[in-house]
Structures are given as structure tokens and as C-alpha cells.
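Fold and contact review
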Amino acid sequence: MSNIENKVVVITGASSGIGEATARLLVEKGAKVVLGARRADRLAALKEALGENAIYQVTDVTKVEEVRNLLTLAMRTFGKVDVLYNNAGVMPMGNLSTAVYDQWQNAVNINIMGVLHGIGEVLPLMHKQGFGQIITTDSVAGHVVYPASALYNGTKFAVRAIMEGLRQEERENGIKSTIISPGAVDTELSKTIGNLEVQAAIEAHHGSGHDSQLALDAEDVARAVLYAIDQPQHVVISEVLVRPTKQVV
């Protein structure tokens, strides 16, 4: 038996991309998944494909009560939460001179507050259990800074700091923390860039095909998540940085 079988994993941002790919792999390995995202139709279709080991609830991570309800659903249905995977996120890009305040606020609400809502709501449950793991999708953008990405970089650097603080605070409580930092991944995340010129350039880059080794598949990242989960209790994978072979930064 692997360390994944029969674990209950709550996933936000589960309706597509890395979240969806991770849910599929987890169920294949015998886990039970609780799916949260904003798109009800996508969640329903994924639950149908995954069968009885998947449940879902529409969840906007910027609303703490919706995150709380997702975790309540997990506890009511399965009786525990082994892993919370904070995966919901957006990738706003463009120079700071554009001053798109609403886009910036949305990124802070989702990328930072969404993670904090998950942490804040799941910790009491994990304290009571005496175990648990919190995983968050960070990014290579949380390790390096580059033009037209300062706001996105800032949100992902914040996630790194929050998750390291979580590790230090909760290590004596049997609660593990992990960040998964992907490089370029061919998912719908590019649709959240909000700058048409930058979006077109990135999508053209990804569209050059995997023979060029310029973009990961969502499944590549999902395997890194499973690696972090599939460890004995005394082992924590604190950070996984995974890039396409030919990515520069």
C-alpha cells in the first residue's frame, strides 16, 4: 500500500489544469478527493469521470466561508482531511506602469488571501487530528523576478514566505507543508494574464510543442504533488521546483 491510498485530499482550483490532473492521478492511486473551484459544470464533469471517490463543491477561495464549507464537506463525508492542496491562482502580467488596480487586487485576493483562507480554516481540523499536510502551488515566479511580472512575482514570493512560516510554526504538531513551484505549464492559466500582448506571446511560446521542451503538461506537475504526498510521516518534501528542460529562468 502506498502512502496515497485512502488519503483524503482537498483541492482548490480543481476544475482544470494542475488541479484536475492531480485529482485524476490521486484517485487512480486510491485516494479520495474533494474538489473545489468556481466552475460548477467543470466540477460536475470531473466528479462524474472520477466516480465515488470524488465529491465537489463550488468554491471561491477569496470567500473564507466557501473554503470553510468545502472543508466541512470533506469532514462530513470522509471524516478527515489528510491534505489540503491550495492550487487556485491567477497570473496577472504587465508592467507596473499600467496601474491596473482591480487586476492587482484580484491577484492578491486569490493568490495570497486564498492560500491564507485555506491554511486558517484547515489548521484547527489538523490540530485536532494530530496530522496533516498543506501543499500550495507556488511558481518559478516565486524564486526569480522578471519584467512584466512584478505583481505576480510578489504574490508568489509571499506564498513562499507564508509556507515557510507555516513549516516552522507547525512542525511540532505533525503538520507538513510543501510548495510546488512549476515553470511554464501548458494550462488555462495564461487566460488570466490580463494583458493581451503578453498573453499572445506566452501562448505562442507554449504552442511551439513539447518537442521543444518549452512547457510542462499539467500531469508533469501533478506527479510532483503526488511525490510530496507519497512520503512517510517523518519525511516532508518542503519544496519542489520543476521546469521544462529548456526554460531559461
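Residues numbered from 1 in each chain as written. Predicted model: local features only at pLDDT ≥ 70, side-chain atom pairs only at ≥ 80, totals over all residues. Heavy atoms only, no water.

**What about the packing of helix 3 (residues 64-78) against helix 4 (residues 101-129)?**
Axis angle and axis distance: for two packed helices, these are the angle between their axes and the distance between the axes, and together they describe the pair. One can describe the packing of helix 3 onto helix 4 by two numbers: an axis separation of 8 Å at closest approach and a directional angle of 30 degrees. Between helix 3 and helix 4, the angle falls in the class roughly parallel. Crossing hand, helix 3 versus helix 4: right-handed. Here helix 3 contributes Val64, Val67, Arg68, Leu71 and Met75 to the contact with helix 4, which in turn contributes His117, Gly118, Glu121, Val122, Leu125 and Gln129. Classifying every residue of the contact of helix 3 with helix 4 gives 6 nonpolar, 3 polar and 2 charged. (Axes fitted to C-alpha atoms, helices over the stretch in contact; angles between N-to-C directions. Helix = DSSP H or I, 4+ residues; strand = E, 2+ residues; numbered from the N terminus. Parallel < 35°, antiparallel > 145°, perpendicular 65-115°, else oblique. Left-handed = near helix turned anticlockwise from the far one by under 90°. Contact = heavy atoms within 4.5 Å. Nonpolar A, V, L, I, M, F, W, Y, C, P; charged D, E, K, R; others polar.)

**A few points about the pairing of strand 2 (residues 32-37)**
Remember that side chains alternate between the two faces of the sheet whenever the strand is regular. Burial analysis of strand 2 places 5 of its 6 residues in the buried class, which makes it a mostly covered element. Alignment of strand 1 (residues 8-12) against strand 2, held across 5 bridges, turns out to be parallel. Looking at the pairing, valine 9 lines up with valine 33 of strand 2. Viewed along the sheet, the connection from strand 1 through helix 1 (residues 17-28) into strand 2 turns out right-handed. The sheet contact formed by strand 2 and strand 3 (residues 54-58) spans 5 bridges and is parallel. Bridge assignment links valine 34 to a residue of strand 3, and that residue is isoleucine 55. Handedness of the crossover is the feature at issue here: the chain leaves strand 2, passes through helix 2 (residues 40-50), returns alongside strand 3, and the resulting connection is right-handed. (Buried < 20%, exposed > 50% of the residue type's maximum accessible area, 1.4 Å probe, protein only. Pairing = 2+ DSSP bridges. Right-handed = clockwise from strand over helix to strand, strands pointing away.)

**Details of the confidence of the model for the protein**
Confidence along the protein averages 92 in pLDDT terms, with 90% of residues attaining 70 or more. Confidence over residues 208-212 falls short of pLDDT 50; this stretch has 6 contacts with residues more than four positions distant or in other chains. (pLDDT = per-residue confidence, 0-100.)

**Here's the deal with unusual backbone geometry**
Phi at alanine 99 is positive, roughly 50 degrees, even though this residue is not glycine. With respect to the element layout, alanine 99 can be found in the loop between strand 4 (83-86) and helix 4. Note on alanine 99: relative accessible area 30%, which makes it partly exposed. Positive phi, normally seen in glycine, also occurs at alanine 148, with a value near 70 degrees. Residue position: alanine 148 is located in the loop between strand 5 (132-137) and helix 5 (150-170).

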